[in-house]
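So the chains spell out like this:
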2 protein chains.
Amino acid sequence: MIRNKNIDKIQSSYLFVEINKRKVAILEKNPNATLINLGIGNTTEPISQHIAGGLKLGVENLQSLETYTGYGSEQGLDILREKIATKIYKGVIEKDDIFISDGAKCDIGRLQLLFGRDVKVACQDPAYPVYVDGSVLIGATGGYNGVNYNGIHYMPCSPDNDFFPDLSSVGAGAIIYFCSPNNPTGAVATKEQLKTLVDFALKNKSIIIFDAAYYAYIQDNTLPRSIFEIEGAKKCAIEVNSFSKTAGFTGVRLGWSVVPKELKYDNGDSVRDDWNRIVTTIFNGASNIVQYGGLACLDSVGLEEIDVLVRYYLENANIIKSALDSLGLEVYNHGNAPYLWVYFKGEDSWDVFNNILNKTHIITTPGIGFGPAGSGFIRFSSFGHRSSIEQAANRLKNSEI
Amino acid sequence: MIRNKNIDKIQSSYLFVEINKRKVAILEKNPNATLINLGIGNTTEPISQHIAGGLKLGVENLQSLETYTGYGSEQGLDILREKIATKIYKGVIEKDDIFISDGAKCDIGRLQLLFGRDVKVACQDPAYPVYVDGSVLIGATGGYNGVNYNGIHYMPCSPDNDFFPDLSSVGAGAIIYFCSPNNPTGAVATKEQLKTLVDFALKNKSIIIFDAAYYAYIQDNTLPRSIFEIEGAKKCAIEVNSFSKTAGFTGVRLGWSVVPKELKYDNGDSVRDDWNRIVTTIFNGASNIVQYGGLACLDSVGLEEIDVLVRYYLENANIIKSALDSLGLEVYNHGNAPYLWVYFKGEDSWDVFNNILNKTHIITTPGIGFGPAGSGFIRFSSFGHRSSIEQAANRLKNSEI
């Protein structure tokens, strides 16, 4: 058996391996150090009794002959699709365009099989790694050139362009990955910016894959929570979404994607029909138990609880931001995302990472790990229990990083 | 955006659409008919209090700060991997070679990204559709020629060859899909047959993807429940497996794959390392709640309950078999699988399907839906509640099909 040449192209997951190596090294030097992890974007707060009740109902349904269910629709429970349509999309999106998944990352993997290898790929830089890595796996890219992958159009997003990319050099007929609120920068695109993006995609027969996993963190009501708030988006966008960062379902695994019936290929064929074929062929639906948890998340009590949870992590972000501000650092966060993106001009991300780790025992993520345009930046995650966050803030304030 | 040419190749899921159409038609003609579905292989019996307890523990863990977990390892909980290694593989397979999944179908989808499109594919005929459809999606095949896909090596399995294919015409360096106990035929390969298969793969630098999802249905202790009971298999096989048909987790979603460290490409690189990269890149682990259910399935009480459940469906198979035998039909099932494969010599599968549906109001699956070699056969599934199964058996006995 010959090794798949696309696997051969993909770089080893250097970032977290390297972070872990440095973590081990500091613990060897300081065996009693209490490290605080503001690296990974992982939820820490327990789920409520109400949402747990939904999950337990899902289990109890399986215990009697009358309510037991085996295979469900690969597209998900109709009642959950309906609830997402009405509660999250306020009827702008219809039930049949919503496909329940086991999470955004997994759906981005499956989207590779939808679009295949003969596509151009454009991607924000910096970005969540799966857009690029998924494209490499399907064979839509060339090899790694030491900085990034040939054949991917990287779109730098930095303070210089208000974190909104220059689209003029993106070719026609491309898949454009766009994440807002952005991981890692925390930037949220405005309505005007997304209008520019949608108009560009329509004009250039491109498809936007819009990652809205952090939508609930948007507190500013003038900012769009969904690409489908933009006119014309149904004809050029797929939205990938998740319960992970809103309901704390990171380990529970539940998400959805919206593939509007209006989305067509150049020849007029339906993209949604093909997505339905992908989902029914290589997926078997999210867990029925977990989908009942999703239902509980979307009733009035659940939505209120999600709101409280989101504000908790946003307050964490505020606390870290104040500490970083007090050091006079260049911090990017406007209160609509759980990440702080901090610029250390002229410095190397890994040197800054080391400096913070050595002086404060706080683990962060070097911006370079998200793409070349992340060079010189550090991402602070605000996912953590309040006591750790306050401790981290105190360490930062009293440090000389 | 141009439509992906691999999606363009794949045929619409004609089988179940067509079955449904005929079901609707008969209900229009006979509005009061009580149809019995022996078509789909879907579990019907509730899960036990013990296994539900494991699932509920998974939920309860999420309710307190001390036991809450967010993202877990993409490879699954260590304790679950360990338990599969010891309880199912009796230590023949090590924990690190086991990757927990959300089901066999989903892992077969991901395996496409592991091996890519530049492979030869060989597949039993008839077969569970995802092997072929997945291969089409990744681009490893040619187009559909009206009967099957060009570029796939179909290996007919019929009573004439004791359901074990002639391997002599399979090329070297191939991916060989093999399912035992087989869906749809119910045939179980013997140790000698699997030895032939393993020796062939070793000699021809091929990799077997062994689907063992029905392993627990094997009651005859001389028959192998895993490919890894065969010497040399670790160097040439991946085993895909599931809790669906054993614990009734069809809707709960839990499975695993075994990728042994001994499995190498021709150049000596590790297949397991690449699989690990795939799993960490486009998957985020099975639900933590569901994995706790898996743990309950594998303790002594759970294993005993699985055994009882498996025997229940096997007894169903016996009941249907007796009814079919009484009609003098040519029935293939030796008590080690939940499917009955029935030959109607010289007849068209769809005609037989129609005849059974019209005369007994029982839905089956036409063998042709699993591949050209299924022509003339009908699959009866034995998944059903006992009262339905008995009713179906009575209808069959008194029919003139």
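Residues numbered from 1 in each chain as written. Chains lettered and ligands numbered in written order. Predicted model: local features only at pLDDT ≥ 70, side-chain atom pairs only at ≥ 80, totals over all residues. Heavy atoms only, no water.

Chemist: An account of the sheet that holds strand 5 (residues 174-179) of chain B is needed here, citing residue identities and associated values.
Modeler: Residues and elements named next belong to chain B. The sheet built from seven strands is open, its strands ordered 2-8-7-6-5-3-4 with mixed pairing. The open sheet has two free edges, formed respectively by strand 2 (98-101) and strand 4 (152-156), since each of these has just one partner strand. Strand-to-strand twist of the sheet, defined as the mean angle between neighbouring strand axes without regard to direction, takes the value 20 degrees. Of the pairings in the sheet, the one linking strand 7 (residues 237-242) to strand 8 (residues 255-258) comprises four bridges and is antiparallel in character. Paired with valine 240 across the strands is serine 257, a residue of strand 8. Those strands touched by helix 4 (residues 78-88) are strand 2 and strand 8, and its axis lies near 115 degrees from that of strand 2. (Pairing = 2+ DSSP bridges. Helix = DSSP H or I, 4+ residues; strand = E, 2+ residues; numbered from the N terminus. Axes fitted to C-alpha atoms, helices over the stretch in contact; angles between N-to-C directions. Contact = heavy atoms within 4.5 Å.)

Chemist: So, the environment of Asp325(B): which residues are in play, and what are the values?
Modeler: Looking at where Asp325(B) falls in the secondary structure, it is placed in helix 11 (residues 300-326). The sequence separation of Asp325(B) and Ile207(B) amounts to 118 residues, and the corresponding C-alpha distance is 39 Å.

Chemist: A description of the sheet that holds strand 8 (residues 255-258) of chain A should follow, citing residues and the corresponding values.
Modeler: Residues and elements named next belong to chain A. If you trace the seven strands from one edge of the open sheet to the other, you get 2-8-7-6-5-3-4, paired in mixed fashion. In this open sheet, the two strands that pair with only one neighbour each are strand 2 (98-101) and strand 4 (152-156). Between one strand axis and the next, the sheet turns through 20 degrees on average, direction left out of account. The pairing of strand 3 (residues 120-125) with strand 4 spans five bridges and is parallel. Across the sheet, alanine 122 pairs through a bridge with histidine 153, a residue of strand 4. The strands touched by helix 5 (residues 104-115) within the sheet are strand 2, strand 5 (174-179), strand 6 (207-211), strand 7 (237-242) and strand 8, with strand 7 carrying the most contacts at an inclination of about 155 degrees.

Chemist: I'd like a description of the confidence of the model for chain A, backed by residues and values.
Modeler: Chain-level statistics for chain A give a pLDDT mean of 96 and a share of 100% at 70 or above. Per the prediction output, this complex has pTM 0.97; the corresponding ipTM is 0.97. (pLDDT = per-residue confidence, 0-100.)

Chemist: Would you mind going over the interface of chain B and chain A in detail, with residue names and values included?
Modeler: In this complex, chain B contributes 78 residues to the contact, which on the side of chain A involves 79 residues. Between chain B and chain A lies a buried interface of about 6600 Å² when both sides are counted; carbon and sulfur atoms form 58% of it. A per-residue breakdown of the area chain B buries against chain A is headed by Met1(B), Tyr71(B) and Arg277(B), which together make up 14% of the total. Applying the counting rule to chain B against chain A returns 12 salt bridges. Between Asp274(A) and Arg3(B) there is a salt bridge, with its nearest N and O atoms 2.7 Å apart. Across the chain B-chain A interface, the total number found is 39 residue pairs in polar contact (both at pLDDT 80 or more). Looking at the side of chain B that touches chain A, the elements with two or more residues in it are helix 1 (5-9), helix 3 (49-61), helix 5 (104-115), helix 6 (130-138), strand 5, helix 8 (244-247), helix 9 (271-282) and helix 10 (288-297) of chain B. (Buried area = accessible area lost by both parts, 1.4 Å probe. Salt bridge = Lys/Arg side-chain N within 4 Å of Asp/Glu carboxyl O. Polar contact = N/O pair within 3.5 Å; in protein donor to acceptor, adjacent residues only side chain to side chain.)

Chemist: Break down the packing of aromatic side chains for me, with residues and values.
Modeler: Here the structure, examined in full by the defined rule, presents 40 aromatic pairs over all chains. Among the aromatic residues, those joined into a cluster by ring pairs are Tyr214(A), Tyr217(A), Tyr312(A), Tyr313(A), Tyr339(A) and Phe383(A). The ring centre of Phe283(A) lies 4.0 Å from the NZ or CZ of Arg110(A), which sits over that ring. Directly above the aromatic system of Tyr312(B) lies the positively charged group of Arg386(B), at a separation of 4.4 Å from the ring centroid. (Phe/Tyr/Trp six-rings, centres within 6.5 Å; stacked < 30°, edge-to-face > 60°. Lys NZ or Arg CZ within 6 Å of the ring centre and 35° of its normal.)

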